[in-house]
Every structure is written in C-alpha cells, then in structure tokens.
Amino acid sequence: MNTMTEAAPVRPIEPTSYHVKEGNQGIALKIKDFKLWYGQSQALHGIDMEIQKGQVTALIGPSGCGKSTLLRSLNRMNDLIDELKIDGRIDVGDFDMYGPGVDVIALRKRMGMVFQKPNPFAMSIYDNVVYPLRVDGVTKKSILDEVCERSLRSAAIWDEVKDRLNESALGMSGGQQQRLCIARGIASDPEVLLMDEPCSALDPIATAKIEELISQLRGQYTIVIVTHNMQQAARVSDNTGFMYLGRLIEYGATDTIFTKPHKEQTHDYVTGRFG
Amino acid sequence: MANPEDSISTAAIGVSTGKPATRTGGKRVRSFTADLSAVGEPALWGFGGALAIGIILIAGFLAIIAWNGFTTFWPKPIEQVELVDGTVIAGEPTRYNTFTVGESVLARLNDAQRQEIEDNFGFANRTLYKTANFDLYGDDFTWAADFDIANVERPSGYYLFERQQWGTFVGFPASLVIGGEETAYDQGLMQREQRAARSRFADIRRLERRDIGRINHNQERARLDSRKALLQYGENDPRYLARVEVNNARIAELQNEFVEVQQRISDIRAIDSQYRVILEEVNGRTVDTNLSQIVRFYAANDVNWFQQAGIYLSRWGEFLTTEPREANTQGGVLPAIFGTVAMTMLMVVFVAPFGVITALYLREYAKQGKLVSIVRISVNNLAGVPSIVYGVFGLGFFAYTMGTTIDQLFYAERLPSPTFGTGGLLWASLTLALLTVPVVIVATEEALSAVPRSMREGSLACGASKWQTIRYVVLPKALPGIMTGMILAMARGAGEVAPLMLVGVVKLAPALPIDGFAPFIHLERSFMHLGFHIFDVGFQSRNSEAGKPMVFVTTLLLLGLIVLMNATAIYVRNRLKKKYAGSQF
C-alpha cells in the first residue's frame with residue numbers, strides 16, 4: 001500500500017537522463033487556504049499561492065512574517081516541531097502533501113532544500129553530494145559518480161573540488177559549502193528546490209556566485225527562495241510574494257511587485273519605508 | 001586642593017556643552033585607575049590559590065606514590081648491627097623514625113644516654129631492619145634504637161637470597177651440594193647451577209600446570225558427563241550405564257597418564273634435591289635449601305651500580321610477568337593485571353551499547369516530557385549511589401538469581417558446586433557496567449544534543465529517514481563526545497574495588513579466566529584485581545610490613561595501567577575528532 005508510488009512514479013535513474021527535466025509549463029505547487037499554528041499562536045493565516053514550474057519564486061517580508069514557515073511547510077520540515085497544527089492543503093502534482101497516507105520521506109526526496117547556514121555533513125565532499133542517493137538505496141558506483149559530477153557541475157563548484165572529492169567537506173569555505181549544499185539539494189533530481197535565505201551567512205562575492213547559480217538553474221528546477229534582501233529578490237526571481245504578519249499580502253510578477261505594486265503595504269516595504 | 005586633572009576635564013566639558021562648569025563643582029576627582037574589587041584582583045588571587053593547592057595536592061600524591069613505587073625494587077645494602085647487649089643482627093635498613101622512649105627502657109640505660117634523650121624532649125631515633133630469615137626467627141623485621149646500637153658495619157660478603165618460599169634470606173652461602181657431592185661455595189658455579197635448577201623448577205611447574213591440569217580437566221569432564229547422563233536418563237537406563245562405562249574407562253586411562261606424569265615430576269624432583277645450597281646467617285644458624293628454590297641472589301654490599309640496575313630491572317620483570325608468591329607479598333602480579341584489564345574491557349563491551357542506545361532513545365526518540373525528565377534525573381542520581389550497593393545488587397541479582405538459574409538450566413551436572421551461581425568475571429563486569437552506565441548516558445546525551453539541528457534538518461531534507469539521519473549524520477558527529485563518556489566510565493570502572501569484592505574478585509585466583517581448555521574464555525571464573533591486590537597485600541596479609549612496599553608498587557602499576565588505557569582511548573578519540581574536524585566556516 002504505497003499511495004506515493006502511484007501518485008508519483010519514480011523515474012528510473014539513468015546516468016544520461018538523470019538531470020533532464022520534462023516540462024517547464026504549469027503549476028508545481030498549489031497552496032490552498034493554508035493555515036498553521038505553533039501551539040496557540042497562528043503563524044500563517046490562509047495562504048493561497050500557485051508556484052510556477054521552472055521559475056524562481058521569491059518570498060520577501062520582514063522578520064517573523066512567516067515566509068520561512070511557509071517554505072518549510074512545502075517539504076513538511078515543520079513536522080519536526082511538537083504541537084504543530086495545520087489546516088488547508090498544498091498540492092504537489094495532483095495530490096495533497098498533507099493528505100492521509102502521504103510518505104513524508106518520499107515527498108522530501110522530491111523537494112530539495114538549501115538552508116540559511118551551510119550544513120554539509122561531516123563526510124567527504126563526494127559522500128555529501130551522493131547522500132540523498134545513498135539513503136535512497138543507490139549503491140552502483142557508476143550512477144553515484146555520474147550524479148556527483150553532474151550535481152557539482154550544476155552547482156558551479158565542480159572545477160574547485162574535482163581534485164579533492166574525498167576530502168572532508170568541512171574544510172571548504174562558507175560559499176563553497178553552500179554551493180555544495182545546493183549540489184546535494186539537486187542530486188536526487190527534485191522537482192522543487194527550496195532555499196531558505198541561502199546567502200544570509202555569506203560574503204558578497206559568495207553571494208554573487210550563488211545568485212548566478214540560481215539564474216543558471218532557472219528553467220531546470222522550480223525554485224522557491226526566501227530572502228531578506230530585496231535587491232536579491234529583484235535580481236533572481238520571476239515571481240515575488242510579499243508576506244506580512246502571516247499573510248500573503250501580494251503575489252505576482254517580480255517586476256510588478258517592485259515597480260507598481262497594487263497594495264500600499266507592499267509599496268511601503270519595497271521602498272524601504274518599514275521592515 | 002585644586003586638582004589639575006579635574007580642572008582640565010571641567011574645561012573640556014565646558015567647551016563641549018557650552019555651559020559653564022557649574023555641574024562639576026570640583027568635588028569629584030576623576031580617577032583613571034579602576035577600583036581594586038572591580039578589577040577582580042582579590043578574586044583572581046583566590047581562584048589561582050585554590051588551583052595551586054589542588055595541583056600541589058595531586059602532584060604531591062603522585063610524587064609520593066612514584067618515589068615509593070620506583071625505589072622499592074632497588075637493591076639496598078645489608079648492614080651488620082652489633083647491639084649493646086651483644087646480639088648481632090644483619091639486614092637491610094628499611095626506614096627510620098622517632099619514637100618516645102618508654103619508662104622501662106629508660107630504666108636500663110646509663111646516665112649519659114638518659115641525658116641525651118632528655119635533651120631530645122624524651123625522643124630517640126630508631127631504624128627498622130629487614131632481617132628476613134623468617135623460617136629461623138619467625139619475623140622479618142627488627143627495630144634497633146640508636147642508643148642500643150654499639151656498632152654498624154657493611155661488611156663485604158653478605159648475600160641476599162630471594163626464595164620461592166619463606167621470603168628472603170640474609171646471610172652467606174656456606175657450601176654447595178652439586179649432584180650430591182658437597183663442594184665449597186663458588187659464585188660462578190652457583191650462578192650456573194641456580195639457572196639450571198630454575199629451569200628444572202619451571203619444568204616441574206609446567207608439568208603440574210599443563211599436563212596435570214589437562215588430565216584433571218578431562219577427568220572432571222568425564223565425571224560430569226556421567227552425571228549428566230544420570231540426570232537425563234535415570235539410574236537404571238542402559239544408555240546411562242553405557243555412558244558410565246565409557247567415561248570410567250576414560251578416567252582410568254587418564255589416571256594412568258596421571259601416574260606417568262607424577263613419575264616424571266618425582267624424577268625431576270629427585271635430581272633437584274641433589275643440587276642444594278647451605279645458607280648461613282649472621283649468628284651461625286644454617287638453612288639447607290634446594291637451588292631451585294632460590295629465585296635471585298646477589299652480594300648486597302659488593303654489587304656495583306650496573307649490577308644493581310640489572311637486579312632492579314629483573315625485579316620489575318618478575319613483578320610484571322609472574323604470579324604472586326608468599327601470600328602475595330612477593331613475586332609478580334600478572335594475574336591481577338590480566339584480571340583488571342580483562343574486566344575493564346569486558347565492562348566497556350557491555351556498557352557501550354547499553355549506554356549509547358539508552359541515550360539515543362532518551363534524546364532522539366522519546367517525547368520530552370515529565371516521564372523522560374524523571375528518568376533523566378534518576379539516571380543522574382544513579383551515579384551517586386555508593387558503589388558497594390551495586391556490589392550487593394550484583395551478588396544478589398546477577399550471581400544468586402541469574403547465575404543460579406543458568407546453573408540449573410545448563411550446568412545441572414555440576415551442582416551443588418556453582419558455576420555461574422557465584423561471583424565471576426562476567427558478573428563483575430556487568431556490575432561495573434551498571435555502575436558506569438549513567439556516566440555514558442549523560443555524556444552521550446550531551447554529545448547528541450550538541451549536534452547542530454541544521455545537520456539533522458539537512459539530512460531529513462535529503463529524504464533520509466530518522467534512523468538514517470542518526471546513523472549517518474548524528475552518531476558520527478557525536479562519536480568523540482561518546483568516546484569521552486566511555487573514557488570517564490573506564491577510569492571509574494578500572495579504579496573501583498568495593499563492589500568487586502562481592503562479585504568475583506579473590507585474593508589468589510587458581511587459574512586465569514583464559515586458558516587452553518575449551519571454551520578458552522571462562523567468564524564464570526573468579527579473578528584477581530590490582531585494586532583488591534593493594535588492599536589485600538597492604539592490610540590483610542600475615543606480614544603487612546613486608547607487603548608495604550608492594551602496596552606502593554602495585555598502586556603505581558594500577559595508576560599506570562589506568563593512564564595507559566585512558567591514553568589509548570583518548571588517542572582513538574582524537575583520531576576520530578580529526579577525521580570530522582574542520583572549519584564550520
């Protein structure tokens with residue numbers, strides 16, 4: 001009884017097709033009236049949002065507005081928190097990821113995630129990148145090698161690390177570590193890549209590299225990025241959602257949000273009048 | 001009292017605020033040196049002093065043990081002491097002290113001596129001589145007060161003999177008996193013959209231990225097999241009778257072998273008794289002893305520094321590699337070293353999985369609530385329970401309850417003599433594992449909680465299950481911390497004695513827990529332990545003065561052993577740390 005396999009047939013892993021995407025059109029995630037409570041306090045008040053396939057969607061808003069909470073709801077990372085209550089649904093493909101009988105582990109394999117602080121594991125660079133495949137039971141060396149190289153190339157770090165794949169990942173610089181984490185996030189060929197303020201712990205040069213990488217990945221992956229940095233959102237994203245106090249105030253094309261927003265609050269925020 | 005500094009600051013304020021200097025009327029003097037209490041100097045001296053006292057205490061303690069331990073085996077000269085009353089004693093001066101002279105002693109002294117003691121406020125000095133020759137005098141030591149000594153010499157020719165039995169002998173070799181013929185003493189001859197005699201002695205011991213041990217073991221097995229058949233089939237069953245017949249034949253066959261070995265032993269003994277040495281002590285009394293009984297001998301006042309060093313090293317060698325003799329006060333401590341190490345290792349084998357699994361459940365899986373808090377507090381409190389209580393528990397639960405059950409189920413033929421139903425290596429290790437498990441749990445929990453949350457999330461976001469996350473990410477990262485807990489547990493366990501006395505440690509174990517008979521590792525056997533050895537040698541033996549130096553040597557060895565085991569563990573931990581080290585950015 002595995003509803004997941006029916007809903008999302010696992011594509012066979014073949015070296016040549018591993019990172020090739022099929023369609024770029026349509027909706028990747030559909031969030032419908034999604035509410036979330038931490039114990040008694042409500043963190044999200046009915047979010048409605050459609051995330052477009054193959055595009056970069058940015059979530060902006062002041063601290064504590066619920067943008068990270070929303071992002072972490074997209075791969076059910078919030079499940080780790082006790083006393084969490086949710087309402088509403090998030091559809092991925094044609095099923096509700098909060099519906100009954102959903103295999104959370106299989107779901108997370110379809111949602112790569114990059115965190116605020118680079119968090120490579122205490123393993124070699126190689127082992128870090130192929131970790132998602134290893135936990136999935138892939139042992140064939142040729143597949144692992146292929147995926148490792150492709151992921152590292154996609155994350156624009158292959159040339160820097162190709163000669164020291166067996167060294168500890170903890171010996172890399174912060175920016176390299178973060179790009180390694182991106183490589184790890186895309187190694188299992190996810191449909192969506194979630195990024196939770198991926199540049200906030202990095203210096204400007206490393207940040208520029210990550211932003212460039214995001215631009216390169218656009219089209220290949222559906223990317224949702226949470227950021228504090230409005231210039232970054234303007235630079236890298238196709239669509240932007242502005243959140244405030246647990247509500248999605250405005251969501252639309254990035255150009256619109258930053259040049260002629262419809263809502264007063266959005267205007268105030270993007271022009272720097274509060275936040 | 002115009003302070004120049006004050007006026008400057010006033011002027012400065014006046015300029016910057018544009019106000020006249022009314023606020024700083026000149027009363028407050030600005031000081032650029034902080035208050036003494038604010039700097040923390042008095043506290044610093046206090047803390048530093050406390051640390052210094054601690055270091056001095058530890059260093060002093062180690063220095064005393066090291067000094068006494070390391071000097072014990074160094075050969076000392078033999079003094080021949082002539083007392084005022086005409087008696088002559090000879091022995092090694094072992095220690096000196098000051099004592100209050102009693103009335104009855106004072107009464108027999110002359111005026112000059114009495115005056116001298118009075119000038120010393122009633123005290124006098126005395127020396128303890130290790131006169132040895134226990135078989136002749138019934139005592140190993142003699143006190144000689146300074147006022148009783150007429151003359152002290154260190155004459156050449158005195159020998160010290162260390163014997164297999166009866167302890168040491170101080171005196172001269174009078175003559176030798178070689179192959180039954182009495183000849184005059186010659187040092188070279190004696191050295192050669194003593195070496196040959198020692199190898200005969202080793203032969204006898206090997207025959208007794210290995211061959212007779214094997215025969216006894218097999219006879220016992222045959223006897224137990226008969227008894228097992230009796231318990232299984234009943235008295236009149238033909239299968240039982242058949243088995244008994246086979247076993248009895250085997251026992252008889254072994255008995256013949258036994259007689260044969262005994263014959264070989266008595267042959268060697270007969271040769272051995274033809275090689276003897278006649279020893280003479282200072283007052284002319286002689287002792288006739290087999291050369292094979294002499295473990296070591298040297299001319300105490302005639303050896304040079306290199307020979308002394310040789311004797312010193314040979315004594316350490318004997319100490320570390322042989323079995324004890326003379327009620328543990330002489331010889332080696334090999335069985336105790338073996339027992340200590342084996343027990344500690346076994347304890348780690350038990351405590352590591354148990355402690356780590358418990359901590360994993362408490363920290364990673366259990367829902368953090370009241371119940372887990374209570375469990376955690378209880379575990380912490382367990383570390384404070386007196387260790388003897390664990391000994392009582394180990395004896396009552398492991399040995400008497402579990403052991404007896406095991407005996408009834410698997411070793412019924414050996415009853416009523418217990419196999420596992422009494423103290424032994426297994427139960428002692430388990431008891432100590434129980435004693436040290438709180439240490440491991442606490443350390444492991446701390447190590448687990450120190451693994452950053454972001455790492456777990458990173459792993460879970462990759463689609464790893466909770467167990468995979470723990471297995472591949474959390475545990476490797478926490479491993480050095482877990483190892484630290486293991487090291488603490490080992491240090492605690494290796495130094496523990498009280499509970500062991502109840503669950504399997506003995507004064508003198510007849511056999512090591514590992515030998516050549518299947519199943520080779522005998523976890524049910526009782527064993528010797530260095531900690532208990534110290535207690536036994538120093539305070540339980542017939543001749544505690546003779547055991548005193550051994551206390552320090554054994555203490556030194558125990559400390560060294562614990563340091564060695566911990567250093568190994570720390571080395572392993574640091575290797576692991578290096579493996580997972582690196583900048584977190």
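Owing to the predicted nature of the structure, the values given are computational and were not obtained by experimental measurement. (Residues numbered from 1 in each chain as written. Chains lettered and ligands numbered in written order. Predicted model: local features only at pLDDT ≥ 70, side-chain atom pairs only at ≥ 80, totals over all residues. Heavy atoms only, no water.)

### Examining the overall build of chain B
Right, on to step 1. Within chain B, the regular secondary structure consists of 18 helices and 13 strands.
Right, on to step 2. Taken against the 2.2 N^0.38 rule, which gives 25 Å for 585 residues, the C-alpha radius of gyration of chain B at 35 Å runs more than 25% over that of a compact globule.
Right, on to step 3. Here the C-alpha coordinates of chain B stretch approximately 120 × 90 × 45 Å along the principal axes.
Right, on to step 4. When the 585 residues of chain B are sorted by exposure, 43% land in the buried category.
Right, on to step 5. Across chain B, the 56 positively charged side chains and the 55 negatively charged ones have centroids separated by 15 Å. (Helix = DSSP H or I, 4+ residues; strand = E, 2+ residues; numbered from the N terminus. Rg over C-alpha atoms; globule rule 2.2 N^0.38 Å. Buried < 20%, exposed > 50% of the residue type's maximum accessible area, 1.4 Å probe, protein only. Lys, Arg positive; Asp, Glu negative; His and termini not counted. Charge placed at Lys NZ, Arg CZ, Asp CG, Glu CD.)

### Section: the packing of helix α11 (residues 370–382) of chain B against helix α13 (residues 425–449) of chain B
Residue and element names in this part refer to chain B.
Right, on to step 1. Orientation of α11 relative to α13, taken along the N-to-C sense of each, is 130°, at an axis distance of 8 Å. Viewed along their axes, α11 and α13 adopt a mutual orientation that is oblique. The two elements α11 and α13 cross, and the hand of that crossing is left-handed. Listed contacts from α13 to Arg376, Val379, Asn380 and Leu382 of α11 are Pro438, Ile441, Val442 and Glu445.
Right, on to step 2. In terms of residue class, the contact of α11 with α13 is made up of five nonpolar, one polar and two charged. (Axes fitted to C-alpha atoms, helices over the stretch in contact; angles between N-to-C directions. Parallel < 35°, antiparallel > 145°, perpendicular 65-115°, else oblique. Left-handed = near helix turned anticlockwise from the far one by under 90°. Contact = heavy atoms within 4.5 Å. Nonpolar A, V, L, I, M, F, W, Y, C, P; charged D, E, K, R; others polar.)

### A few points about the interface of chain B and chain A
Right, on to step 1. Opposite the 23 residues of chain B that make contact, chain A presents 28 residues.
Right, on to step 2. In this assembly, chain B and chain A are joined by one salt bridge.
Right, on to step 3. In this structure, the salt-bridge partner of Glu457 of chain B is Arg72 of chain A, at a minimum N-O distance of 2.6 Å.
Right, on to step 4. The interface formed by chain B and chain A contains four residue pairs in polar contact (both at pLDDT 80 or more).
Right, on to step 5. Of all the secondary structure elements, the ones that give two or more residues to the side of chain B that touches chain A are α14 (453–461) and α15 (466–494) of chain B.
Right, on to step 6. Ranked by residue count, the leading element in the side of chain B that touches chain A is α14 of chain B, at eight residues.
Right, on to step 7. The class makeup of the residues in the side of chain B that touches chain A is ten nonpolar, ten polar and three charged. (Salt bridge = Lys/Arg side-chain N within 4 Å of Asp/Glu carboxyl O. Polar contact = N/O pair within 3.5 Å; in protein donor to acceptor, adjacent residues only side chain to side chain.)

### Some words on the pattern of salt bridges
Residues and elements named next belong to chain B.
Right, on to step 1. One pass over the full model with this rule turns up 40 salt bridges over all chains.
Right, on to step 2. A salt bridge links Glu318 to Arg296, with the nearest nitrogen and oxygen atoms 3.0 Å apart. Here Glu318, found in helix α9 (residues 305–321), pairs with Arg296, found in strand β11 (residues 294–299); they are 22 residues apart in sequence, far enough to count as distant.
Right, on to step 3. On the accessibility criterion, Glu318 (13% relative accessible area) is buried.
Right, on to step 4. Take Arg296: its relative accessible area is 10%, and that puts it in the buried class.
Right, on to step 5. Each of Glu162, Arg296, Arg315 and Glu318 takes part in a single network of salt bridges with overlapping partners.

### Regarding the domain arrangement of chain B
All names here are of chain B.
Right, on to step 1. Taken domain by domain, chain B comprises domain 1 (79–155), domain 2 (173–303) and domain 3 (339–510 + 522–527).
Right, on to step 2. Computed from C-alpha atoms alone, the centre-to-centre distance between domain 2 and domain 3 is 43 Å.
Right, on to step 3. Listed by partner, the interface residues are four residues for domain 2 and four residues for domain 3.
Right, on to step 4. Interface of domain 2 and domain 3: buried area, both sides summed, is about 420 Å²; carbon and sulfur atoms make up 59% of it.
Right, on to step 5. Counting the contacts that link domain 2 with domain 3 gives zero residue pairs in polar contact (both at pLDDT 80 or more).
Right, on to step 6. Partitioned by chemical class, the residues of the side of domain 2 that touches domain 3 number two nonpolar, no polar and two charged. (Domains from an automatic or database assignment. Buried area = accessible area lost by both parts, 1.4 Å probe.)

### Here we look at the pairing of strand β4 (residues 84–92) of chain A
Residues and elements named next belong to chain A.
Right, on to step 1. Relative to β4, strand β1 (residues 27–38) runs antiparallel, the two sharing eight bridges. When the sheet's bridge partners are listed, Lys30 is paired in β4 with Asp91.
Right, on to step 2. Summarising the sheet, β4 and strand β5 (residues 95–96) pair through two bridges and their orientation is antiparallel. When the sheet's bridge partners are listed, Asp91 is paired in β5 with Asp96.
Right, on to step 3. Remark: two residues form the turn of the hairpin made by β4 and β5, two consecutive strands paired antiparallel; Gly93 in that turn has positive phi of roughly 65°. (Pairing = 2+ DSSP bridges.)

### Side note on the sheet that holds β1 of chain A
Right, on to step 1. The strand order across the open sheet built from four strands is β2-β1-β4-β5 (chain A), with neighbouring strands paired in antiparallel fashion. The two strands at the open ends of the sheet, each matched to only one other strand, are β2 (41–52) and β5 of chain A.

### Observations concerning the packing of helix α12 (residues 387–410) of chain B against α13 of chain B
All names here are of chain B.
Right, on to step 1. Contact geometry of α12 with α13 gives a least axis separation of 9 Å together with a crossing angle of 135°. Relative to α13, the element α12 lies oblique. When the axes of α12 and α13 are compared, the crossing they make is right-handed. Across from Ser387, Tyr390, Gly391, Phe393, Gly394, Phe398, Ala399, Met402, Gly403 and Ile406 in α12, the residues of α13 making contact are Trp427, Leu430, Thr431, Leu434 and Leu435.

### Here we look at the confidence of the model for chain B
All names here are of chain B.
Right, on to step 1. This prediction gives chain B a mean pLDDT of 83; 91% of its residues lie at or above 70.
Right, on to step 2. Least confident of the elements in chain B is helix α1 (residues 4–17), whose mean pLDDT is 43; most confident is α13, at 91.
Right, on to step 3. Ignoring residues within four places in sequence, the model shows residues 1–22, a span with pLDDT below 50, making ten contacts including any to other chains. (pLDDT = per-residue confidence, 0-100.)

### Some remarks on the sheet that holds strand β10 (residues 247–253) of chain A
Hydrogen bonds along the backbone pair up the strands of a sheet, which may run parallel or antiparallel.
All names here are of chain A.
Right, on to step 1. The mixed open sheet is built from six strands, whose spatial order is β6-β7-β8-β3-β9-β10. Edge positions in the sheet fall to β6 (111–114) and β10, since each of these pairs with one other strand and no more. Going from strand to strand, the sheet's axes swing by 15° on average, the running direction of each strand aside.
Right, on to step 2. Sheet strands touched by helix α7 (residues 174–187): β6 and β7 (192–196). Its angle to β6, the strand with the most contacts, is close to 170°.

### Some remarks on the confidence of the model for chain A
Right, on to step 1. Mean pLDDT over chain A: 82, with 90% of residues reaching 70 or higher.
Right, on to step 2. Across residues 1–22 of chain A, confidence stays below pLDDT 50; counting only partners more than four residues off in sequence or on other chains, it has 38 contacts.

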